[in-house]
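Examining the three-dimensional arrangement
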Amino acid sequence: MTAPALTLYGRKWCHLCDDMLAALEALRPAWNFSVTVVDVDSDPALEAKYDEIVPVLALGERELCRYRFDAGAVQAALSAP
(Lines give C-alpha, C1' and ligand atoms only; values in the text may rest on other atoms or scores of the structure.)
Protein backbone atom coordinates (compact mmCIF):
# COMPACT_ATOMS: atom_id res chain seq x y z
CA MET A 1 0.00 0.00 0.00
CA THR A 2 1.33 3.41 -0.99
CA ALA A 3 1.72 5.92 1.82
CA PRO A 4 -0.57 8.95 1.56
CA ALA A 5 1.27 12.02 0.26
CA LEU A 6 0.53 15.20 2.18
CA THR A 7 1.51 18.66 0.98
CA LEU A 8 2.19 21.51 3.37
CA TYR A 9 1.92 24.90 1.68
CA GLY A 10 3.70 27.58 3.65
CA ARG A 11 6.46 30.13 3.87
CA LYS A 12 10.00 29.88 5.19
CA TRP A 13 9.46 32.67 7.73
CA CYS A 14 6.06 31.44 8.97
CA HIS A 15 6.04 30.19 12.57
CA LEU A 16 2.58 28.63 12.11
CA CYS A 17 4.01 26.64 9.19
CA ASP A 18 6.86 25.43 11.42
CA ASP A 19 4.33 24.47 14.11
CA MET A 20 2.23 22.50 11.63
CA LEU A 21 5.26 20.64 10.31
CA ALA A 22 6.33 19.79 13.87
CA ALA A 23 2.84 18.45 14.64
CA LEU A 24 2.98 16.31 11.49
CA GLU A 25 6.37 14.93 12.46
CA ALA A 26 4.94 13.99 15.87
CA LEU A 27 2.37 11.79 14.07
CA ARG A 28 5.00 9.99 12.00
CA PRO A 29 5.64 7.13 14.46
CA ALA A 30 1.97 6.10 14.37
CA TRP A 31 1.05 6.86 10.74
CA ASN A 32 2.59 6.02 7.39
CA PHE A 33 2.67 9.15 5.20
CA SER A 34 5.01 11.37 3.26
CA VAL A 35 4.98 15.14 3.42
CA THR A 36 6.25 17.65 0.89
CA VAL A 37 6.76 21.22 2.04
CA VAL A 38 6.07 23.80 -0.67
CA ASP A 39 7.16 27.42 -0.26
CA VAL A 40 4.32 29.42 -1.79
CA ASP A 41 6.66 32.35 -2.37
CA SER A 42 8.55 30.25 -4.95
CA ASP A 43 5.63 30.33 -7.41
CA PRO A 44 3.47 33.39 -8.21
CA ALA A 45 0.38 31.21 -8.79
CA LEU A 46 0.77 29.53 -5.39
CA GLU A 47 1.47 32.87 -3.73
CA ALA A 48 -1.75 34.26 -5.21
CA LYS A 49 -3.75 31.19 -4.17
CA TYR A 50 -2.44 30.79 -0.60
CA ASP A 51 -1.14 34.29 0.19
CA GLU A 52 -2.51 35.01 3.67
CA ILE A 53 -3.99 31.61 4.53
CA VAL A 54 -0.78 29.61 5.11
CA PRO A 55 -0.11 27.11 6.37
CA VAL A 56 -2.41 24.84 4.40
CA LEU A 57 -2.13 21.07 4.66
CA ALA A 58 -3.58 19.08 1.78
CA LEU A 59 -4.01 15.49 0.72
CA GLY A 60 -4.14 15.71 -3.05
CA GLU A 61 -6.65 18.44 -3.83
CA ARG A 62 -8.40 18.06 -0.46
CA GLU A 63 -7.58 20.70 2.14
CA LEU A 64 -7.26 19.12 5.58
CA CYS A 65 -6.48 22.20 7.65
CA ARG A 66 -5.24 25.76 7.48
CA TYR A 67 -3.61 28.09 10.00
CA ARG A 68 -3.62 25.49 12.81
CA PHE A 69 -3.03 21.75 12.76
CA ASP A 70 -6.22 19.67 13.05
CA ALA A 71 -5.07 16.26 14.27
CA GLY A 72 -8.54 14.75 13.96
CA ALA A 73 -8.94 15.78 10.32
CA VAL A 74 -5.46 14.55 9.44
CA GLN A 75 -5.90 11.20 11.20
CA ALA A 76 -9.30 10.70 9.55
CA ALA A 77 -7.81 11.41 6.13
CA LEU A 78 -4.87 9.08 6.75
CA SER A 79 -7.14 6.25 7.91
CA ALA A 80 -9.62 6.57 5.02
CA PRO A 81 -9.47 3.74 2.49
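Thresholds applied
Residues numbered from 1 in each chain as written. Predicted model: local features only at pLDDT ≥ 70, side-chain atom pairs only at ≥ 80, totals over all residues. Heavy atoms only, no water. Salt bridge = Lys/Arg side-chain N within 4 Å of Asp/Glu carboxyl O. Buried < 20%, exposed > 50% of the residue type's maximum accessible area, 1.4 Å probe, protein only. Helix = DSSP H or I, 4+ residues; strand = E, 2+ residues; numbered from the N terminus. Contact = heavy atoms within 4.5 Å.

As recorded in an unreviewed UniProt entry, the protein chain goes by Glutaredoxin and comes from Pandoraea pneumonica.

1. Observations regarding the pattern of salt bridges
Per the counting criterion, the structure on display carries four salt bridges. The partner of R28 in a salt bridge is E25, with the nearest N and O atoms 2.8 Å apart. Judged by relative accessible area, R28 falls into the partly exposed class, the value being 31%. Bridged by salt links that share partners, the residues R11, D41 and D51 form one connected network.

2. Focus: the environment of V38
Within the fold, V38 resides in strand β2 (residues 34–39). V38 gets classed as buried once you look at its relative accessible area, which sits at 19%. Linking V38 and G10, residues 28 residues apart in sequence, is a C-alpha distance of 6.2 Å. Setting aside residues up to four positions removed in sequence, V38 forms contacts with T7, L8, Y9, G10 and L46.

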